[in-house]
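Single-letter residue listing:
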Amino acid sequence: AQTVTQSQPEMSVQEAETVTLSCTYDTSESDYYLFWYKQPPSRQMILVIRQEAYKQQNATENRFSVNFQKAAKSFSLKISDSQLGDAAMYFCAYRSRGGNKLVFGAGTILRVKS
Amino acid sequence: GAVVSQHPSWVICKSGTSVKIECRSLDFQATTMFWYRQFPKQSLMLMATSNEGSKATYEQGVEKDKFLINHASLTLSTLTVTSAHPEDSSFYICSADIGGGNNEQFFGPGTRLTVL
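Since the model is a prediction, treat every value here as computed from it, not as a measurement.

With that out of the way, let us pick up unusual backbone geometry. Going from H7 of chain B to P8 of chain B, the amide bond is cis rather than trans, its omega being 0 degrees. Within the fold, P8 of chain B resides in the loop between β1 (4–7) and β2 (10–13). A positive phi angle, near 80 degrees, is found at A16 of chain A, a position not held by glycine. On the secondary structure map, A16 of chain A appears in the loop between β2 (10–14) and β3 (19–21). Using a relative accessible area of 49% as the deciding quantity, one classes A16 of chain A as partly exposed. The backbone of R43 of chain A sits at a positive phi, close to 75 degrees, despite the residue not being glycine. Among the structural elements, R43 of chain A can be located in the loop between β5 (32–39) and β6 (46–52). Judged by relative accessible area, which is 14%, R43 of chain A ranks as buried.

Shown next, in the form of structure tokens:
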């Protein structure tokens, strides 16, 4: 079974600075999807960014980018120019290409200081 | 597009009563819907996978008779917590899979259940 590990329970970043959230996963599959979800205080899950395993190029969405290291099974999220609205819990998630279930990590609480 | 709603957003009930939570895909048909449970500051725990017109598939450790799931149409799935107890108090989230090769799940806003 696949597992997702987020080793940072909490992180803090100063407004306008850059922060990186870590995620590692374990799988024997070669084709899959990886996601970062944001859960703000409203608790609505919001998709931040996704990566398809067969694509070598790291995904980027505005201030959010990932560092996908397939061999190392690592999928970190970099948030540039952090804003107060980025404060939330962030979840890393895995999905098999042939499946539909998401496997979530434990989450990282991100605090943004003004 | 791809909006999922949940109703109610917050419910308080007495111990021993049953509570129904609805999950609707508003602008797409969802072949599969998922039900999660989340405790404060913890991750989402998948409870069951719901497919339209068939029985739900429950994750290990989830009581089928306690958490009844019905997926009667391609836009509606319901979760009924039967004979609720205080330990069932939690945040319940549904998501919907649009299918057709799209790999994204769309999440509802969640329902906070408090059992007194």
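As a further point, take a nonpolar patch on the surface. All names here are of chain B. Taken together, the side chains of W10, I12 and L116 present a nonpolar region at the surface, about 390 Å² in accessible area. Residue placement: L116 occurs in the segment after β11 (111–115). The exposure class of L116 is exposed, given its relative accessible area of 62%.

Next up on the list: the interface of chain A and chain B. Contacts between chain A and chain B engage 20 residues on the former and 25 residues on the latter. Carbon and sulfur atoms supply 47% of the area buried between chain A and chain B, which totals about 1,800 Å² over both sides. For the chain A face of the interface with chain B, the top three residues by lost area are R43, N100 and K101 of chain A, together amounting to 31%. In this structure, D97 of chain B and R95 of chain A form a salt bridge, with 2.9 Å as the shortest nitrogen-oxygen distance.

Procedures and definitions
- Residues numbered from 1 in each chain as written.
- Chains lettered and ligands numbered in written order.
- Predicted model: local features only at pLDDT ≥ 70, side-chain atom pairs only at ≥ 80, totals over all residues.
- Heavy atoms only, no water.
- Helix = DSSP H or I, 4+ residues; strand = E, 2+ residues; numbered from the N terminus.
- Buried < 20%, exposed > 50% of the residue type's maximum accessible area, 1.4 Å probe, protein only.
- Patch = residues over 30% accessible without salt bridge, like charges linked within 9 Å, V, L, I, M, F, W, Y side chains within 5 Å.
- Areas by Shrake-Rupley, 256 points an atom, 1.4 Å probe, with all protein chains shown as cover.
- Salt bridge = Lys/Arg side-chain N within 4 Å of Asp/Glu carboxyl O.
- Contact = heavy atoms within 4.5 Å.
- Buried area = accessible area lost by both parts, 1.4 Å probe.

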